[in-house]
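Chain residues, written in single-letter form:
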Amino acid sequence: MSNIKVEKVFKRFVRRGQMTDALRDVNLEFKQGTFVSLIGPSGCGKSTLLRIIGGLMEASEGMISVGGQTPQQAQAAKQFGFVPQAPALFPWRTVLENMNLPFEVNRKAGINLSDREDPVELLQSVGLGDFIHAYAKELSGGMQQRVGIARAFGSGAPILLMDEPFSALDEITREMISYQLLNIWETHQKTVIFVTHSLREAVLLSDKVVVMSSRPGRISQVIDIDLPRPRTPDIEDSDEFHHYVSLIRGQLRERWG
Ligand SMILES: Nc1ncnc2c1ncn2[C@@H]1O[C@H](COP(=O)(O)OP(=O)(O)OP(=O)(O)O)[C@@H](O)[C@H]1O
Ligand SMILES: [Mg+2]
């Protein structure tokens with residue numbers, strides 16, 4: 001079981017003699033196969049926490065375990081897939097060739113990833129079935145982001161770290177893509193840690209929402225989203241959905257004042 005445990009994590013940045021405490025006393029647990037969102041004001045340490053979990057940065061204090069391994073060991077064992085704000089696609093390669101990229105890179109490094117998913121099926125589930133042989137440069141921003149998501153789900157990594165993957169998209173595209181992410185996640189059930197500023201996305205997608213407060217970044221509340229799955233668009237009109245959205249909004253506002 002690749003559960004992720006974060007215990008008493010503290011992170012201090014020191015730059016030109018100036019100290020910033022980005023995270024203080026962060027304790028969290030991410031169960032394998034769950035979808036967890038991190039939400040909180042700008043600068044509260046969401047990206048920092050994601051980088052520490054993913055082994056890209058060290059905590060100043062505290063302990064992180066990824067199924068019994070350190071984040072660095074887990075990263076070396078290809079446990080993590082990253083989905084950034086803009087996907088790193090090669091424009092002159094086709095969509096399918098871009099999907100194959102992580103496998104080529106790993107093969108060259110002598111690593112053969114097992115349990116490979118069908119790239120065509122993954123592309124179909126994000127609505128790109130007709131664009132498999134198109135060049136990445138011929139796609140819109142939203143389509144490129146969907147390739148990035150499909151690729152992460154097909155990469156063989158059991159844990160996906162997504163840092164505001166939809167922030168560069170317009171609202172309508174964003175809404176559509178959130179349902180495609182929901183669909184692909186409900187089929188493949190990887191562990192996802194998803195940073196967002198959108199209350200709607202956090203409630204729609206997540207099993208748990210972690211609300212953070214800033215200066216220094218702390219966990220202010222962890223809210224279980226007890227809505228049935230599979231989740232369909234009509235769920236957004238339900239009283240329960242609105243209840244969760246206002247619960248999180250209230251929690252965020254309390255911390256402003
Ligand atoms: N490499 C760094 N060096 C120094 N300070 C840093 C570094 N990275 C982040 N910080 C500081 O740590 C704090 C948390 O930053 P972080 O990027 O994690 O916030 P965030 O919650 O992701 O914000 P946003 O919602 O704007 O993306 C901020 O005060 C930031 O200035
Ligand atoms: Mg950030």
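Per an unreviewed UniProt entry, the protein is named Nitrate ABC transporter ATPase, and its organism is Paenibacillus baekrokdamisoli.

**Quick notes on the site of ligand 1**
Contacts to ligand 1 come from 13 residues, most closely from Ser42, Gly43, Lys46, Ser47 and Thr48. The fraction of the free accessible surface of ligand 1 (640 Å²) that becomes covered by protein chains is 68%. Secondary structure elements with two or more residues in the shell around ligand 1: strand S2 (18-30) and helix H1 (46-53). In terms of residues, the shell around ligand 1 owes the most to one element, H1, which gives 3 residues. A class-by-class count of the residues in the shell around ligand 1 yields 4 nonpolar, 7 polar and 2 charged.

**Considering the environment of Ser238**
Following the sequence through the fold, Ser238 ends up in the loop between strand S9 (218-224) and helix H9 (239-256). Judged by its relative accessible area of 18%, Ser238 falls in the buried class. Sequence separation of Ser238 and Leu227 is 11 residues, and the distance between their C-alpha atoms is 10.0 Å. A distance of 2.7 Å separates a polar side-chain atom of Ser238 from the backbone oxygen of Ile235.

**A closer look at the nonpolar core**
If you look at the biggest cluster of nonpolar residues, it comprises 49 residues, and the most contacted ones within it are Phe153, Leu181 and Ile248. Leave out the neighbours within four places in its chain, and Ile248 touches Ile39, Leu199, Val203, Val209, Val211 and Ile223. Counting residues in each nonpolar core, the second largest holds 25 residues, with Leu23, Leu49, Ile52 and Met212 among its members.

**Comments concerning helix H7 (residues 171-188)**
Here H7 contains 18 residues, and its C-alpha end-to-end distance of 25 Å stays within 8% of the 26 Å for a straight helix at 1.5 Å per residue. The complete set of buried residues in H7 reads Arg174, Ile177, Ser178, Tyr179, Gln180, Leu181, Leu182, Ile184 and Trp185. The inward-facing, buried residues of H7 abut strand S3 (35-39), helix H5 (119-125), helix H6 (141-154), strand S6 (159-163), strand S7 (191-195) and helix H8 (199-205). Positive phi shows up at Gln189, right after H7, with a value of about 45°.

**Quick look at the pattern of salt bridges**
In total, this model carries 7 salt bridges according to the counting rule given. Arg174 is paired through a salt bridge with Glu201; the nearest N and O atoms lie 2.6 Å apart. With Arg174 in helix H7 and Glu201 in helix H8, the pair connects residues that are 27 residues apart, well separated along the chain. Judged by relative accessible area, which is 19%, Arg174 ranks as buried. In this structure Glu201 comes out as buried when scored by relative accessible area, which is 1%. When the shortest N-O distance is used, the salt bridge between Lys208 and Asp224 registers 3.0 Å. In this pair, Lys208 sits in strand S8 (residues 208-213) while Asp224 sits in strand S9, placing the two residues 16 residues apart along the sequence. One network of salt bridges, with partners in common, ties together Arg12, Asp21 and Arg24.

**A word on unusual backbone geometry**
For residues besides glycine, phi is generally negative; the peptide bonds are generally trans as well. Looking along the chain, the bond that leaves Arg215 and enters Pro216 is cis, with omega of -15°. Within the secondary structure, Pro216 sits in the loop between S8 and S9. The peptide bond linking Arg229 to Pro230 adopts the cis configuration, its omega dihedral lying at -5°. Topologically, Pro230 is positioned in the loop between S9 and H9. In this structure, Lys8 takes a positive phi of about 50° despite not being glycine. Locating Lys8 in the fold gives a position in strand S1 (residues 4-15).

**A look at the pairing of S3**
The side chains of a regular strand alternate between the sheet's two faces. Buried residues dominate S3, accounting for 5 of its 5 residues. Along S3, one buried face is formed by Phe35, Ser37 and Ile39 and the opposite face, lined by Val36 and Leu38, is buried too. Judged from the 4 bridges that link them, S3 and S7 form a sheet pairing that is parallel. The residue of S7 that forms the bridge with Phe35 is Val192. In this sheet, S8 lies alongside S3 in parallel orientation, the contact comprising 4 bridges. Bridged to Ile39 within S8 is Val211.

**Quick word on the side chain of Ser2**
Checked against the element boundaries, Ser2 lands in the segment before S1. On the basis of relative accessible area, Ser2 is assigned to the buried category, the value being 16%. Once residues within four sequence positions are removed from consideration, Ser2 is found in contact with Gln32, Gly67 and Gln79.

Parameters and conventions
- Residues numbered from 1 in each chain as written.
- Chains lettered and ligands numbered in written order.
- Predicted model: local features only at pLDDT ≥ 70, side-chain atom pairs only at ≥ 80, totals over all residues.
- Heavy atoms only, no water.
- Near = heavy atom within 4 Å.
- Areas by Shrake-Rupley, 256 points an atom, 1.4 Å probe, with all protein chains shown as cover.
- Helix = DSSP H or I, 4+ residues; strand = E, 2+ residues; numbered from the N terminus.
- Nonpolar A, V, L, I, M, F, W, Y, C, P; charged D, E, K, R; others polar.
- Buried < 20%, exposed > 50% of the residue type's maximum accessible area, 1.4 Å probe, protein only.
- Polar contact = N/O pair within 3.5 Å; in protein donor to acceptor, adjacent residues only side chain to side chain.
- Core = buried A, V, L, I, M, F, W, Y, C linked by side-chain atoms within 4.5 Å.
- Contact = heavy atoms within 4.5 Å.
- Expected span 1.5 Å × (residues − 1).
- Salt bridge = Lys/Arg side-chain N within 4 Å of Asp/Glu carboxyl O.
- Pairing = 2+ DSSP bridges.

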